[in-house]
Amino acid sequence: MKSILVRQFGGPEVLVVEEVPIPQPGSKQVLVKVYSAGVNPVETYQRSGQYAALPPLPWVPGKDAAGVVESVGSDVTTVKPHQRVWLSASDTGTYAQYCLAPAASVHPLPDKYTFAQGAALWTPYATAYHGLFHIGQPPDQGKYTLLVHGASGGVGIATLQLAKIKPDVTVIGTAGTEEGVKLVLSNGADFAFNHREPNYANKIMEVTGGKGVNIILEMLANVNLNNDLALLAKGGCVCVVGNRGAIDGFNPRLLMQKRSSVRGVMLSQITDQEKKEIIEGLNSALVNEKINPTEGLHYTLTDAPVSHNHIINPPSGGQGGKLTIHPWKEAQL
């Protein structure tokens, strides 16, 4: 089979296609023919060697994917060959034509959804679910206001859609282009603003009647955190999903004045109970058609280096949504 194999850490050029043997499933594993693999920022950090927990080399990137069950181990009863599935983990990496996954991480993919949408589920939607419901902790009853700061990417779109499952929420989203603003509105935001405009924070405060927002999911904290703290309502919380550096001029007094908080969101740190709740929540949302993952650009295995460039530096005029790699040209995208 064809697979990306990283033999040394470095730039996108280390993402090289090689011919490798098809792995065989253990008793509790599933072999999946990968029709679509999700591309995530964390894989670029791992590839570059700039990450706290680096994988052993050689390494096949990726843990998000969707495809068809090729074969199952002797103890697997939850899925069967030829079934369409999405993955919440992979034992062997998903930038490949086949991968192994633990049976507990292989989930049915309803026919309504494409493989590219299935590959958009775990990291973006699980991060959004964890960030909003476990870390942000919106009230079970009563109204609240949510700001998704950077809402046109995979996690941002997922947050918009998941937030709207529950009633009584006003959702505000931001994006860096007019196309992105339109995408944010089309995915459930009540208001959307271009965060490249100098007065966008004032507009956000205006739509809250000057009260501020209760929860912020922040995708680039090193750039936006100071603005976030000023936008919070009393007792509000910033949930940091993404960050790429230190912050100059950070003033903790903004936290003190509003009794607000900043909390970190990291999918790799979820508890077993949180993972169970996330998977149950996402599978329910799929069956009931409450979420609709937005497909972004598609890439071949050979174009994997381009996908890593684009996930960090989106191309001008990009459509937003989830970037995915498609190892099989004949796949139904």
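Look above for the structure.
Residues numbered from 1 in each chain as written. Predicted model: local features only at pLDDT ≥ 70, side-chain atom pairs only at ≥ 80, totals over all residues. Heavy atoms only, no water.

In terms of helices and strands, the protein chain carries 10 helices and 15 strands. Against the compact-globule benchmark of 20 Å for 333 residues, the protein chain has a radius of gyration of 20 Å, which places it among compact chains. By its C-alpha atoms, the protein chain is 60 × 40 × 35 Å across when sized along the principal axes. Classification of the 333 residues of the protein chain by burial places 53% in the buried group. Within the protein chain, contacts between residues at least 6 apart in sequence are counted, and of these 69% link residues at least 24 apart. Accessible area of the protein chain: about 15,000 Å², with a carbon and sulfur share of 50%. (Helix = DSSP H or I, 4+ residues; strand = E, 2+ residues; numbered from the N terminus. Rg over C-alpha atoms; globule rule 2.2 N^0.38 Å. Buried < 20%, exposed > 50% of the residue type's maximum accessible area, 1.4 Å probe, protein only. Contact = heavy atoms within 4.5 Å. Areas by Shrake-Rupley, 256 points an atom, 1.4 Å probe, with all protein chains shown as cover.)

Moving on: unusual backbone geometry. Cis geometry marks the peptide bond from Leu57 to Pro58, where omega comes out at -10 degrees. The residue Pro58 is located in the loop between α1 (41-48) and β4 (65-72) in this model. In this model, Gln137 sits at a positive phi of 50 degrees, which is unusual for a non-glycine residue. Residue placement: Gln137 occurs in the loop between α3 (121-136) and β8 (144-149). Residues other than glycine seldom take positive phi values, yet Glu289 does so here, at roughly 55 degrees. The topology assignment puts Glu289 in the loop between α9 (272-287) and β14 (295-299).

We now examine the pairing of strand β11 (residues 213-218). β11 sits mainly inside the fold: 5 of its 6 residues count as buried. When β8 meets β11, the two strands line up parallel, connected through 4 bridges. The residue of β11 that forms the bridge with Val148 is Leu217. Where β11 meets strand β12 (residues 232-240), 5 bridges bridge the pair, whose relative direction is parallel. (Pairing = 2+ DSSP bridges.)

So, about the packing of aromatic side chains. Under the criterion given, the structure shown has 3 aromatic pairs. A cation over an aromatic ring shows up here: Lys33 above the ring of Trp328, its NZ or CZ 4.4 Å from the ring centre. Its end group placed over the ring of Tyr113, Lys112 keeps NZ or CZ at 4.8 Å from the ring centre. (Phe/Tyr/Trp six-rings, centres within 6.5 Å; stacked < 30°, edge-to-face > 60°. Lys NZ or Arg CZ within 6 Å of the ring centre and 35° of its normal.)

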